[in-house]
Structures are given as C-alpha cells and as structure tokens.
Amino acid sequence: MANNNNHNSKKTHRNFLFKAIKATAKAIIFYVIYLFLWSFLAPVSEFVPGLQQMIEAFVMVYIVLMIVGDLASGTIFQYFFNVAKALFVIGYLIISLGGGIFGMTFENINLMVDLRFFLAVATLLGLLGLAKSVLQAVNYMSEKAEYGRV
Amino acid sequence: MRIPIRMIGIATTFFWIFLIAFFITAVYSVKDVAFNFGEPQMSTNTNGEMTFSLPVTISNRGFYNIGAFTIVTQVFDTEGLSIVQGSTVVPLIRKDEDVTVMHNMTINAGDLLERDENYLFNDSELMIYAAVGMHIAEVIPVEASTNFTMPWGAPLYDFALGDPAYMPYNATHFRVTVPISFENHAFFDLIGSMQIRMYNSTRARIGRGETSLNAYANSPYSGFIDFYVSMVGVTPSGEFRVSFSTSLFDYGALVIPYG
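Reading the values: rules and limits
- Residues numbered from 1 in each chain as written.
- Chains lettered and ligands numbered in written order.
- Predicted model: local features only at pLDDT ≥ 70, side-chain atom pairs only at ≥ 80, totals over all residues.
- Heavy atoms only, no water.
- Patch = residues over 30% accessible without salt bridge, like charges linked within 9 Å, V, L, I, M, F, W, Y side chains within 5 Å.
- Areas by Shrake-Rupley, 256 points an atom, 1.4 Å probe, with all protein chains shown as cover.
- Salt bridge = Lys/Arg side-chain N within 4 Å of Asp/Glu carboxyl O.
- Helix = DSSP H or I, 4+ residues; strand = E, 2+ residues; numbered from the N terminus.
- Buried < 20%, exposed > 50% of the residue type's maximum accessible area, 1.4 Å probe, protein only.
- Pairing = 2+ DSSP bridges.
- Axes fitted to C-alpha atoms, helices over the stretch in contact; angles between N-to-C directions.
- Core = buried A, V, L, I, M, F, W, Y, C linked by side-chain atoms within 4.5 Å.
- Contact = heavy atoms within 4.5 Å.
- Phe/Tyr/Trp six-rings, centres within 6.5 Å; stacked < 30°, edge-to-face > 60°.
- Lys NZ or Arg CZ within 6 Å of the ring centre and 35° of its normal.
- Domains from an automatic or database assignment.
- Buried area = accessible area lost by both parts, 1.4 Å probe.
- Polar contact = N/O pair within 3.5 Å; in protein donor to acceptor, adjacent residues only side chain to side chain.

A. Fine view of a nonpolar patch on the surface. Residues A:Val134, A:Val138 and B:Met1 make up a contiguous nonpolar surface patch of roughly 260 Å² in combined accessible area. Checked against the element boundaries, B:Met1 lands in the segment before helix H1 (2-29). The class for B:Met1 is partly exposed, based on a relative accessible area of 48%.

Following this line, the structure appears as structure tokens:
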C-alpha cells in the first residue's frame, strides 16, 4: 500500500515536472517570437514613447497566465486561466489603444493613428478565444460527469 | 465536442497570426515610405490670385499600397479665422511606385484685403495648419498634423507721402510734386499704378495725378508723383486721397492729411 502511494506521488511529481517543462518551453518560444516581431516594430518605438513598455507588460502578463494555465492543465482551473487570458487580451487592447484612436505629440507634430479596424478584429478574435475557453470548460465538466457516472 | 473546439482553436490561432503579421508588416513598411517636399513656389496671376505651390514626391517602397494620401493646409488670420484652405488627394499609391503631386493653395488678394486692410500696410503673422494623412495598407488611417506661423510681408509697409512741393507752372496753376515712399515686404513684385487726388481744407478737389508703381519684392521704393493744381484752390492744409490699382488688388481711397 505504502509502495503504491509512493508510486502515485512519484507519478504526480513527474507529471508536474513535465507540465512545468512544457510551460517553460512554451513561454520561451513565445518570448523568442515576441523578440523577433519586436525587431520589426523597434524603428517605430523611437517615435512612440512607452510603446515598448506597453507591449512588454502585455507579453509578460500573457506569459504568466499561459504558464499558470499550463501548470493547471488537467483541472478546471486551466480553463479559468484561459478565460482570464482572453479577457486580459480584450481589456488590455481596448485600454492601451484608447478605444482605437491612438494619438501622440512629437515636438510640434500631432500624430493620430486610427486602429479601430485592428482593434475590432483583435477584439473579435479575443471573444472567439473566450468562447473557446468556455466551451472547453463545459466540455471538461461534461466529460468528467460522464466518466464519473460510468 | 472536442473537434469543433479544436477547429475554433486552430482558426483563432490562424487569424491571430495573420492579424499580427499584417499589422507588424504594415507598421514596418511605413519606414520605407519617403516623402520629399520640393521647393515651394509662389506665383501670381492677373485675376489677383496668389498661388502657393508645394511639390511633394511620395516614394512607396513598403509592402502594401497606400490609400487616400491627403495633404490639407489651411491658413488662418491672427484672429483664428480661416482665410484659405488647400487640399490634395492621391487616391492610391501602389507599392514600389513614386508619385509626385503639386499641392496648391490659392489666395485671392482682394478677399484678403476685404478682411483686413492692415495686410497692405503692416507686417503680420499668418497661422498655418498642415496635415498629411494616408491609409497604410489601405486600412490603417494615419494622420500627422502641425500648426506653425508664417510671416506676412506687407506690400505697402510704412507707406508715406512727403510734403507737397509747389512750383509755378503757369499763371493759374502750380506743379505739385509729392514724394512717395514705402517698403515692399511682400514675396511678390508690386506692379501697377497709384492715383492721387488732392483736396483743400474745404474738401474741394484741386488736382489729381497718377504714377506707375514698380516695387520689387522685399525692397524699398521711393518715387514721386507730379500733378497740377489750380492756384486759387490751394490751402496750407488738406488731404490726399490715394488709390492703388495693381495686378493683384485694387485699393482706395487712403486718406492722408497734409499741411
């Protein structure tokens, strides 16, 4: 019996370690992609103060939610974190882009960028992600209930 | 249910990748769009219109077409009232294409003087609003605008008539010589004529004369006008009424007392 418990504990530890490695690998890949994409935006950031901080904060929070979600995979909490991630994407985009009209002043020049189209599409995709997470949660619960009955 | 969820996931991921890639390449390609502003040109025509022309060359070396490229300029007077507005639109600039447009703004000198005759005699500052807008990749509208001031040089700055000098012409008339001086601070040459009417202290007209004006831009002018007056009507004081007729504007009468 003690041997069986020990074996289960080992399995749980191994599982968690696997999840942690998977989450870390995903986070590293995500961050590398961000660094690659940032190299394209870097010239623009010279003219837009705070752009790098804004995007970096977004990437950091997103990675944290991604890691936590991955660590909680196999539980209902994974879907909570996925929903949180989707809501965070929508909220952050709306707040940081100021409703889609992005304005700044550089010396005597006022620059206005209308990102409403981009924001609308991104929000729709965020909502799609949210719907997916909700469906996953529903699916998880229904499967759990089914297996429980069997 | 797993398959539809997976399909939603794949579709979402695909659209996210597409959206981010499109956005980043669109923003990145802005650095390959070059604007070249040529030497501004000023010209005048016989209808009294001054035309300001600015050649602009747009070189689109980005990944996408540029839509609705617009240049808007608006001139305001010192009180903030709009004097003139100019707008130039290029509907589409394809990628790897160079386009040169001439942005024109036409000011009618007569309209300008109707607002305020001080533009003739006093230097001033005009406020200019300039905006350049375009649709990056034809879907992301971007606009840069600025305000600045531009000096307005008065064409008849410091206009003055000197004391009239009377020389007997015959038994009944004097020949009157009146010195004229001003500085043409304007960007255009002042070519036309000046009429002068002389009134005595009882406001009776005693003589009139006309002279041609040819004052080059940004240069002082001094000359004189000769005309004949009746000896009977001359009084020590009175007034001159001066009118100008040039290719750009007609103005008068400017009342200048003498004596």
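B. Looking closely at the pattern of salt bridges. Under the counting rule described, the total for this entry stands at seven salt bridges over all chains. The partner of A:Asp114 in a salt bridge is A:Arg116, with the nearest N and O atoms 2.7 Å apart. A:Asp114 sits in the buried class, given a relative accessible area of 10%. On the basis of relative accessibility, which here comes to 47%, the residue A:Arg116 falls in the partly exposed class. Taking the shortest distance from any N to any O, the salt bridge between B:Lys31 and B:Asp32 comes out at 3.2 Å.

C. Local environment of the sheet that holds strand S13 (residues 205-215) of chain B. All names here are of chain B. An order of S13-S12-S15-S16 is seen for the four strands of this open sheet, with the pairing classed as antiparallel. Strands at the two margins of the open sheet, each flanked by one partner only, are S13 and strand S16 (250-258). Pairs of neighbouring strands in the sheet enclose a mean axial angle of 20°, with direction left out of account. Sheet topology places strand S15 (residues 238-246) next to S16; seven bridges connect them, and they run antiparallel. Looking at the pairing, Glu239 lines up with Pro257 of S16.

D. Summary view of the nonpolar core. Core analysis: the largest hydrophobic core is formed by 44 residues, its most contacted members being B:Phe159, B:Leu161, B:Val242 and B:Phe249. Apart from residues lying up to four places away in sequence, B:Val242 is in contact with B:Phe159, B:Leu161, B:Met194, B:Gln195, B:Ile196, B:Tyr251, B:Gly252, B:Ala253, B:Leu254 and B:Ile256. Core analysis: the second largest hydrophobic core is formed by 34 residues, A:Val48, A:Met66, A:Met104 and B:Leu19 among them.

E. The sheet that holds strand S8 (residues 140-152) of chain B, seen in detail. With antiparallel pairing, the six strands of this open sheet are ordered in space as S1(A)-S2(A)-S8(B)-S7(B)-S4(B)-S5(B). Here the strands that pair on one side only, and so sit at the sheet edges, are strand S1 (101-106) of chain A together with strand S5 (82-93) of chain B. If you compare each strand with its neighbour and ignore which way they point, the axes differ by 15° on average. Direction of pairing for strand S2 (residues 109-114) of chain A relative to S8(B): antiparallel, over a ladder of five bridges. Each residue of the ladder has a partner; that of A:Leu111, found in S8(B), is B:Ala144.

F. How the structure looks around the packing of aromatic side chains. This model, assessed by the stated rule, comprises 24 aromatic pairs over all chains. Look at B:Phe18 and B:Phe22: their rings are 6.5 Å apart centre to centre, the planes differ by 10°, and that puts the pair in the stacked class. In this pair, B:Phe18 and B:Phe22 are both assigned in helix H1, four residues apart and thus about one turn of the helix distant. Judged by centre distance (4.4 Å) and plane angle (50°), the rings of B:Tyr169 and B:Tyr228 are tilted. Residue B:Tyr169 is located in the loop between strand S10 (165-168) and strand S11 (173-184), and its partner B:Tyr228 is located in strand S14 (residues 219-230); the two are separated by 59 residues in the primary sequence. Taken together, the ring pairs connect A:Phe30, A:Phe58, A:Tyr62, A:Phe88 and A:Tyr92 into an aromatic cluster. Sitting over the face of the ring of B:Tyr199, B:Arg241 holds its NZ or CZ atom 4.1 Å from the ring centroid.

G. Spotlight on the pairing of S15(B). Within S15(B), seven of the nine residues are buried, leaving the element largely enclosed by the surrounding structure. Where S15(B) folds back on S16(B), the antiparallel hairpin that results is connected by three residues.

H. How the structure looks around the domain arrangement of chain B. All names here are of chain B. Assigned domains of chain B: these are domain 1 (5-152) and domain 2 (157-258). Between domain 1 and domain 2, the contact holds 16 residues from the first and 11 residues from the second. Carbon and sulfur atoms make up 74% of the surface buried where domain 1 meets domain 2, a total of about 1,200 Å² over both sides. When the buried area of domain 1 at its contact with domain 2 is split by residue, Leu120, Phe121 and Asp123 rank highest and sum to 42% of it. Counting across the interface, domain 1 meets domain 2 through zero salt bridges. At the junction of domain 1 and domain 2, the tally comes to one residue pair in polar contact (both at pLDDT 80 or more). The set of elements that each furnish at least two residues to the side of domain 1 that touches domain 2 consists of strand S2 (41-44), strand S3 (49-60), helix H2 (109-115) and helix H3 (118-121).

I. Just the interface of chain A and chain B, in detail. Chain A puts 29 residues into the contact, and the matching count from chain B is 24 residues. For the pair chain A and chain B, the summed buried area comes to about 2,500 Å², and 76% of that belongs to carbon and sulfur atoms. Where chain A packs against chain B, one counts one salt bridge. Across the pair A:Glu143 and B:Arg2 runs a salt bridge whose closest N-O atoms are separated by 2.9 Å.

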